[in-house]
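# Coordinate inspection notes
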Amino acid sequence: MSPEAHSAPRSLAESLRARDDASLAALLRSRPDLITPVPTDLTQLATRAGTRASVLRALERLDRFALQTAEALAVAPDPASYETLLGLMAGDAGDQPVAAALPRAVATLREQALVWGDDERLRLVRTAREVLAPTAQHPSPTGLGPTAQEATSGMSPGRIQDIVTTAGLGSTHDSVSAVAALTGLFTDRKKMAALLAEAPEASREVLSRLVWGPPYGQVTADPAAHLRWLLDRGLLLPTAPGTVVLPREVALHLREGRAHREPEPQPPAVEPAATHGPQVVDATAAGQAYTALATVEELLKDWDEGGPAVLRAGGLSVRDLKRTAVALDVSEPVAAFWVELAYAAGLLASDGEADERYAATPAYDEWLERPVAERWARLAEAWLTATRTPGLVGGRDAKDRTLSALGPGLDRSAAPEVRHRVLTLLAGLPHGAAPTTASVLARLRWERPLRGAQRDDEDLRSRLARWTLSEAELLGVTGRGALSAHGRALLGAPAAAPAVSDSPEPSGPGDKLPVHHHRPAAPVDPLSSIEQSVATAAAARLLAPLLPEPLDHVLLQADLTAVAPGPLQRPLADMLGVLADVESKGGATVYRFTPASVRRALDAGRAAADLHAFLTAHSRTPVPQPLAYLIDDVARRHGHLRVGAASAYVRCDDDALLNEILADKRAAALRLRRLAPTVLAAQSDPATLLEGLRAMGYAPAAESAEGDVLIARAHAHRTPPRTAPEPVPQGPPPPDATLLAAAIRAIRAGDLAATAPRKPSGTRPTGDELPRTSSAETLATMQAAVLTGESLWIGYVNAEGTASQRVIAPVRVEGGFVTAYDHTADEVRTYPLHRVTGVAELADD
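First, a word on what this report is: a plain description of the structure on this page.

Attention now moves to the pattern of salt bridges. For the coordinates displayed, the defined rule picks out 36 salt bridges. Taking the shortest distance from any N to any O, the salt bridge between Glu-201 and Arg-204 comes out at 2.7 Å. Separated by 3 residues within a single helix, Glu-201 and Arg-204 lie in helix H14 (residues 201-210), roughly one turn from each other. In this structure Arg-204 comes out as partly exposed when scored by relative accessible area, which is 34%.

So, about the packing of helix H21 (residues 372-385) against helix H26 (residues 529-543). Where H21 meets H26, the closest approach of the two axes is 9 Å, and the angle between their N-to-C directions is 140°. By the angle class used here, H21 and H26 are oblique. H26 is crossed by H21, and the crossing has right-handed handedness. Along the contact surface, H21 presents Ala-373, Glu-374, Trp-376, Ala-377, Glu-381, Leu-384 and Thr-385, while H26 presents Gln-532, Ser-533, Thr-536, Ala-539, Ala-540 and Leu-543. Looking at the contact of H21 with H26 residue by residue, the classes come out as 7 nonpolar, 4 polar and 2 charged.

Moving on: the sheet that holds strand S15 (residues 589-592). Taken in spatial order, the 4 strands make up an open sheet running S12-S13-S15-S14, and their pairing is antiparallel. The sheet terminates laterally at strand S12 (555-557) and strand S14 (581-584), the two strands that pair on one side only. Strand-to-strand twist of the sheet, defined as the mean angle between neighbouring strand axes without regard to direction, takes the value 30°. Strand direction decides the pairing type here: strand S13 (residues 561-564) and S15, joined by 4 bridges, are antiparallel.

As a further point, take the packing of aromatic side chains. Scanning the entire structure with this criterion turns up 4 aromatic pairs. Arranged with centres 5.0 Å apart and planes meeting at 55°, the rings of Phe-337 and Trp-338 form a pair that is tilted. The buried category is assigned to Phe-337, whose relative accessible area is 4%. Residue class for Trp-338 comes out buried when judged on its relative accessible area of 3%.

Moving on: the side chain of Ser-81. The residue Ser-81 is located in the loop between helix H6 (64-74) and helix H7 (82-90) in this model. Under the relative-accessibility criterion, Ser-81 is labelled buried at 19%. At a separation of 2.9 Å, a polar atom in the side chain of Ser-81 contacts the side chain of Thr-84. Beyond its immediate stretch of four places on either side in the chain, Ser-81 contacts Asp-119, Glu-120 and Leu-122.

Calculation rules
- Residues numbered from 1 in each chain as written.
- Predicted model: local features only at pLDDT ≥ 70, side-chain atom pairs only at ≥ 80, totals over all residues.
- Heavy atoms only, no water.
- Salt bridge = Lys/Arg side-chain N within 4 Å of Asp/Glu carboxyl O.
- Helix = DSSP H or I, 4+ residues; strand = E, 2+ residues; numbered from the N terminus.
- Buried < 20%, exposed > 50% of the residue type's maximum accessible area, 1.4 Å probe, protein only.
- Axes fitted to C-alpha atoms, helices over the stretch in contact; angles between N-to-C directions.
- Parallel < 35°, antiparallel > 145°, perpendicular 65-115°, else oblique.
- Left-handed = near helix turned anticlockwise from the far one by under 90°.
- Contact = heavy atoms within 4.5 Å.
- Nonpolar A, V, L, I, M, F, W, Y, C, P; charged D, E, K, R; others polar.
- Pairing = 2+ DSSP bridges.
- Phe/Tyr/Trp six-rings, centres within 6.5 Å; stacked < 30°, edge-to-face > 60°.
- Polar contact = N/O pair within 3.5 Å; in protein donor to acceptor, adjacent residues only side chain to side chain.

Nothing here speaks to function; it is geometry throughout.
What follows is the structure, given as structure tokens:
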């Protein structure tokens with residue numbers, strides 16, 4: 001192939017064929033759908049790269065300036081030179097920032113196989129041109145309309161000649177040359193300026209309203225004089241009865257050559273709203289991380305004996321979500337976040353029983369035994385990689401059904417990518433800088449601009465970004481809006497640049513960084529699973545020193561309360577949770593002792609002496625006398641009454657006490673009757689009887705059939721082993737280096753087999769048809785190739801019946817098999833001769 005032919009490809013397939021392996025790898029990495037499955041050759045790769053679904057996916061991943069460049073090419077002649085494209089993007093005056101950024105945009109479009117050809121003949125792939133070119137039904141984002149040639153395609157020749165004559169041009173012999181003359185007038189800046197200088201002021205006002213789009217307008221059957229002036233000269237052309245359009249060439253003249261009103265060659269910077277000392281950010285984030293762990297533990301402890309029922313359609317009912325929010329003392333959206341986070345981390349699932357309920361999984365017990373920092377890291381990694389989107393809870397799906405927490409329909413495949421990107425933008429700021437939400441959203445919209453007429457508030461990526469910022473703060477990935485050191489490590493990002501101010505004190509909300517702050521880094525793909533595991537472990541190591549040490553003591557007070565000045569060790573917290581009720585939470589947790597809470601501890605098998613010893617051992621203050629009296633008083637009455645199963649009965653050695661119960665009007669609902677001086681029978685079940693007597697102020701104890709006191713220990717209900725929900729992928733995953741190398745080798749080899757020149761034979765195949773030769777001819781050609789060392793082109797059908805073309809270099813032929821170096825597979829292989837459909841020699845090159 002000559003250098004001229006090599007530099008001027010005639011098709012996308014030829015353009016791909018001229019690429020080196022690194023360029024092909026970049027294409028396949030940016031558009032992984034192209035190797036799912038691996039194409040047989042470069043022609044098939046080019047065909048797949050031009051399909052509508054693949055092109056739309058590629059266009060949606062372009063940044064705003066690259067997309068604007070593609071939109072300009074869609075309204076440019078096909079093919080267009082680089083100079084023509086530059087004129088459309090930078091205008092007649094030449095916008096220097098646009099001119100400087102355009103080579104990068106064109107390189108991006110070339111890399112993604114959306115544009116091919118050299119700088120003299122740039123071609124947008126046909127499908128992309130169809131998607132981006134303006135039509136009456138789908139206006140172009142540029143606001144341009146059809147060309148003069150397209151707009152006059154249905155116009156009568158006489159009308160075209162009238163327009164040409166009125167515009168000051170000489171008449172022609174045919175419509176084609178007339179339209180060409182009109183186009184030449186519209187593209188001549190001097191002649192157009194002279195023509196428009198003659199236009200009435202009202203006519204110029206009409207053009208100014210249409211120039212930036214939409215280019216269509218309505219006229220009556222008898223248009224006004226200023227509209228008639230435009231119509232007679234072709235500055236407005238009719239497209240349908242009552243509808244006119246501004247030709248593309250006229251609009252470009254009025255725009256001074258620009259295809260876009262506001263080209264955006266550079267991404268908007270992420271602006272800091274305030275700066276804080278790095279130590280303040282890390283400490284705040286660490287405190288919130290500990291609160292996040294406590295909240296998840298509180299949630300699952302509340303569901304320890306079996307949580308809410310699963311709705312028939314799946315998920316949590318609105319009532320149960322409200323109850324959970326009250327129990328956690330948070331709003332319902334925040335409660336939905338914690339519930340979904342525990343589910344994404346595999347700590348929560350449905351039990352699968354007939355009466356299906358939510359409960360903790362066995363993995364929750366294992367998670368509780370891990371160090372605090374590792375427990376947080378597991379939650380953070382699950383949040384970062386999950387496609388479940390708690391922010392959607394309470395919204396409506398496509399069928400107008402309410403989306404419920406833990407229910408179906410909450411997966412959004414873009415969620416992990418948006419979370420990672422938002423945190424990466426934060427990582428591009430100096431440590432301690434908190435960004436403005438508006439600048440983060442503006443940057444994301446530039447990187448993935450919307451196509452179509454969606455409003456910003458309807459953009460899913462913008463909503464995901466807002467939820468990411470709030471959820472990261474709840475989880476302790478950020479502190480005071482700035483990315484923490486352990487949050488930075490979670491991304492696998494390098495250490496942050498020092499903040500502008502060396503002062504550890506936070507600045508006010510109005511304080512800004514200087515204009516020369518660090519520009520956020522370019523988009524980086526999320527980490528692989530192995531890389532993410534390494535990053536998560538690093539985040540846990542950074543967080544561990546920042547977390548408070550669990551305490552082994554509380555402060556008992558005379559008002560029957562205990563104050564925990566910090567997080568408590570697990571055995572102490574568990575026992576205190578049984579013996580007392582949590583009254584308030586925060587930096588210091590306040591527990592309150594009540595008769596019911598003390599009775600709860602006694603029901604769990606603790607004796608009064610055990611409770612006194614426990615409080616004495618774990619209190620930094622003496623045990624207050626009121627608390628000691630409360631424990632002794634409840635213990636003295638505890639178990640004096642015995643409740644068992646008859647339907648239910650009450651037994652007591654003190655018949656006077658039973659007489660007192662029978663005489664109490666509050667016992668009427670229990671329907672008690674005396675069976676013996678020391679036994680009362682009831683028609684209610686034992687549990688109801690126990691609750692009824694306790695409500696009357698007594699302290700009964702349950703007993704077994706043998707008469708022993710039953711110890712009411714908390715029953716931890718667990719689901720069978722469950723795995724965390726798998727993220728729903730957003731298309732094929734990006735290929736790794738090994739897969740890319742293998743795919744490129746296979747495509748190159750297949751292309752060699754498909755395009756290698758062959759010597760003419762008796763039966764010459766066409767297209768993808770396999771070569772056909774007799775068995776004797778196949779054997780003879782193989783044996784000759786062994787002696788000469790030449791390569792052959794063969795057709796081969798494997799054991800599954802799949803046919804393929806291959807280029808091989810035979811090494812040995814014996815026993816009905818040929819051993820050869822297969823260029824397609826890039827390795828030595830052995831093939832049965834009876835599966836070779838035919839053979840052909842390659843032409844000398």
